[in-house]
Amino acid sequence: MVIKSDTTIQESPTSSEWSQRKTKRKKNWLPYLFILPTVLLITFWLYKPLLQNLSYTFYDWNMLPGTIPQFVGFENFTTLFSHKDFSIAIYNTLFYIIIMLPFSIIIPLYLANMTQELSKGYRNFYRALLFVPMIVAPVAISIIFQWLLHPTNGLVNNILLQLGLIENGIQFFTNEFWAKFMIALIAGWKMIGFSTLIFSASIGSIDQSYYEAARLDGASKRRMFYTITVPLISPTLMLILTMSILFANEWTFAFIDVLTSGGPYGSSTNLYYIMYDFAFKDMNVGLSAAASLMFLILFGIIAIILQIITKKVTFYDN
């Protein structure tokens, strides 16, 4: 009786095969070695402070040398929600976002579309002129507007007085309504050039054959703008909209700090500035960390919602 065995003997790899496997493993690790420095820097400068900030939300600490943080649990959150300036900061944050939207989307979009029809030389000149405020330091802009809007010696008040529109100079930065309104206007004015440049690049990349076909069909410039230009730059529109909503706090921070310091009576503060106020004026790191965590959660949810909307409404010309 003969028993057949199905067992096969696997040959050991040759030296050339070992060399190929070693080379393949080396190639697999090589891309990760290139991105390792970036990952380490991001971890050290972003995620490490983020985790530290999360831990500070449970402590009471004034940052003074020699002091030890005291564990207080969720007390910082209860203090934050009952703080008189927190609700004002949320309202002002929404106010700044809404007021700045025309300056970051509507006005730049029309300016970009209008300058697109100019010759190359004039087009570049006007776009560069609009972009100048973006590269000027916020502190320098604040000083300029402090002079322009000064209640007694300011150019704006003097013109209004000479025209007989007002009897006394307007206190632009010490009046509760005017203070936050002027902060939003100044920050929005600074952002016009940036958005115009982004929209100009997006409009310039549109295939001109669409416009040629529309002209042959007798379409007006206004109709071409709304039916061709706007749909084809919808990804850029959603990008600028997302940036305007998420970064309005950051764009207004410098002007609030220099021009009003959050006043009068906290009327011009926002979520970004209130975090700074808690940490470096009240010397309460825990309260500032709690406010920043709420800021992160709130705007994280908004960012996710905007991403979902972007996927549904944007159109890509592939």
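Trainee: I'm lost on the overall build of the chain in this one. Help?
Mentor: Secondary structure assignment for the chain yields twelve helices and two strands. Taken over C-alpha atoms, the radius of gyration comes to 29 Å for the chain, far larger than the 20 Å a tight globule of 318 residues would show. Once the C-alpha set of the chain is aligned to its principal axes, its extents read approximately 120 × 75 × 30 Å. Pairs at least 24 apart in sequence give 67% of the contacts found in the chain among residues at least 6 apart. When the accessible surface of the chain is summed, it comes to about 20,300 Å², and 66% of that surface belongs to carbon and sulfur atoms. For the chain, the distance from the average site of its 21 positive side-chain charges to the average site of its 17 negative ones is 11 Å.

Trainee: Would you mind going over the packing of helix α3 (residues 84–116) against helix α10 (residues 234–260) with me for this structure?
Mentor: Angle between the axes and distance between the axes: these two values describe a pair of packed helices. Viewed as axis vectors pointing N to C, α3 and α10 meet at an angle of 125°, and their least axial separation amounts to 8 Å. It follows from the interaxial angle that α3 and α10 lie oblique. For the crossing formed where α3 meets α10, the hand is right-handed. Contacts between α3 and α10 involve T93, Y96, I97, M100, L101, S104, I105 and L109 from the first element and L237, I240, L241, S244, I245, A248, N249, W251, T252 and I256 from the second. In terms of residue class, the contact of α3 with α10 is built from 13 nonpolar, five polar and no charged.

Trainee: How do you make sense of the packing of aromatic side chains when you look at a structure like this?
Mentor: Two descriptors summarise a pair of aromatic rings, namely the distance from one centre to the other and the angle between the planes of the rings. Taken as a whole and judged by the stated rule, the model has 24 aromatic pairs. The interplanar angle of 85° and the centroid separation of 5.5 Å between the aromatic rings of F253 and Y276 together place this pair among those described as edge-to-face. Taken together, the positions of F253 in helix α10 and Y276 in helix α11 (residues 271–280) put the pair 23 residues apart, joining distant regions of the chain. The class for Y276 is partly exposed, based on a relative accessible area of 28%. The rings of F253, Y272, Y273, Y276, F280, F295 and F299 are connected pair by pair, giving a single aromatic cluster. One cation-aromatic arrangement involves K180 over F95; the distance from NZ or CZ to the ring centre is 5.0 Å.

Trainee: For this particular structure, what's the right way to read the confidence of the model for the chain?
Mentor: In low-pLDDT regions, the fine details of the predicted coordinates are not to be read closely. Summary statistics for the chain give a mean pLDDT of 85 and a share of 91% for residues scoring 70 or more. Mean pLDDT across the secondary structure elements of the chain bottoms out at helix α1 (residues 15–56), with 79, and peaks at helix α5 (residues 138–148), with 91. Taken as a whole, residues 1–10 scores under 50 in pLDDT and shows zero contacts with residues more than four places along the chain or in a different chain.

Trainee: Quick question: what am I supposed to make of a nonpolar patch on the surface here?
Mentor: On the surface, W29, L30, Y32, L33, F34, I35, L36, V39 and L40 cluster together into a nonpolar patch covering about 990 Å² of accessible area. Tracing the chain through its elements places L33 in helix α1.

Trainee: How should I be thinking about α5 in this particular structure?
Mentor: The periodicity of an α-helix, 3.6 residues per turn, causes residues three or four positions apart to be oriented the same way. Every buried residue of α5 is listed here: I141, S142, F145 and L148. Buried positions in α5, seen along its axis, are confined to an arc of 125° and lie on one side of it. Projecting away from the buried face of α5 at angles above 90 degrees are the exposed residues I143 and W147. Elements in contact with the buried residues of α5: α4 (120–135), α6 (155–162), α7 (176–204) and α10.

Trainee: I tried to follow the pattern of salt bridges on my own but got confused; where do I start?
Mentor: Think of it this way: side chains of opposite charge can pair up when their charged atoms draw near. Tallying each qualifying case throughout the model produces three salt bridges. The partner of K84 in a salt bridge is D85, and the shortest N-O contact between them spans 3.3 Å. Look at K84 and you get exposed, because its relative accessible area is 63%. A salt bridge links E117 to K221; the shortest N-O distance between them is 3.5 Å. A residue pair is termed long-range when its members are at least 10 positions apart, and E117 in the loop between α3 and α4 and K221 in helix α9 (residues 221–232) qualify at 104 residues.

Trainee: In this structure, what is going on with unusual backbone geometry? I would like to understand it.
Mentor: Most of the time, phi is negative for any residue but glycine, and the peptide bond is trans. Here the residue pair G263 and P264 is connected by a cis peptide bond, since its omega of -5° sits within 30 degrees of zero. For M63, which is not a glycine, the phi torsion comes out positive at approximately 70°. Of note, M63 is situated in the loop between β1 (59–60) and β2 (70–71). The exposure class assigned to M63 is partly exposed, which follows from its relative accessible area of 32%.

Trainee: I would appreciate a short explanation of α11 in the present structure.
Mentor: Burial within α11 is extensive, with seven of its ten residues counted as buried. L271, Y273, I274, M275, D277, F278 and A279 are the residues of α11 that are buried.

Trainee: I'm lost on the side chain of T196 in this one. Help?
Mentor: Locating T196 in the fold gives a position in helix α7. Polar side-chain contacts of T196 include one of 2.7 Å to the backbone oxygen of I192. Among all residues touching T196, those that are not within four sequence positions of it are P108, L111, A112 and L130.

Trainee: Which parts of the structure should I look at to understand the side chain of R127?
Mentor: If you trace the backbone, R127 turns up in helix α4. One buried charged residue, R127, remains without a salt bridge, the closest side chain of opposite sign being E117 at 10 Å. A polar atom in the side chain of R127 sits 2.6 Å from the side chain of Q116. Excluding anything up to four places from it in sequence, R127 contacts A112, T115, Q116 and S200.

Calculation notes
- Residues numbered from 1 in each chain as written.
- Predicted model: local features only at pLDDT ≥ 70, side-chain atom pairs only at ≥ 80, totals over all residues.
- Heavy atoms only, no water.
- Helix = DSSP H or I, 4+ residues; strand = E, 2+ residues; numbered from the N terminus.
- Rg over C-alpha atoms; globule rule 2.2 N^0.38 Å.
- Contact = heavy atoms within 4.5 Å.
- Areas by Shrake-Rupley, 256 points an atom, 1.4 Å probe, with all protein chains shown as cover.
- Lys, Arg positive; Asp, Glu negative; His and termini not counted.
- Charge placed at Lys NZ, Arg CZ, Asp CG, Glu CD.
- Axes fitted to C-alpha atoms, helices over the stretch in contact; angles between N-to-C directions.
- Parallel < 35°, antiparallel > 145°, perpendicular 65-115°, else oblique.
- Left-handed = near helix turned anticlockwise from the far one by under 90°.
- Nonpolar A, V, L, I, M, F, W, Y, C, P; charged D, E, K, R; others polar.
- Phe/Tyr/Trp six-rings, centres within 6.5 Å; stacked < 30°, edge-to-face > 60°.
- Buried < 20%, exposed > 50% of the residue type's maximum accessible area, 1.4 Å probe, protein only.
- Lys NZ or Arg CZ within 6 Å of the ring centre and 35° of its normal.
- pLDDT = per-residue confidence, 0-100.
- Patch = residues over 30% accessible without salt bridge, like charges linked within 9 Å, V, L, I, M, F, W, Y side chains within 5 Å.
- Salt bridge = Lys/Arg side-chain N within 4 Å of Asp/Glu carboxyl O.
- Arc of directions from axis to C-beta.
- Polar contact = N/O pair within 3.5 Å; in protein donor to acceptor, adjacent residues only side chain to side chain.

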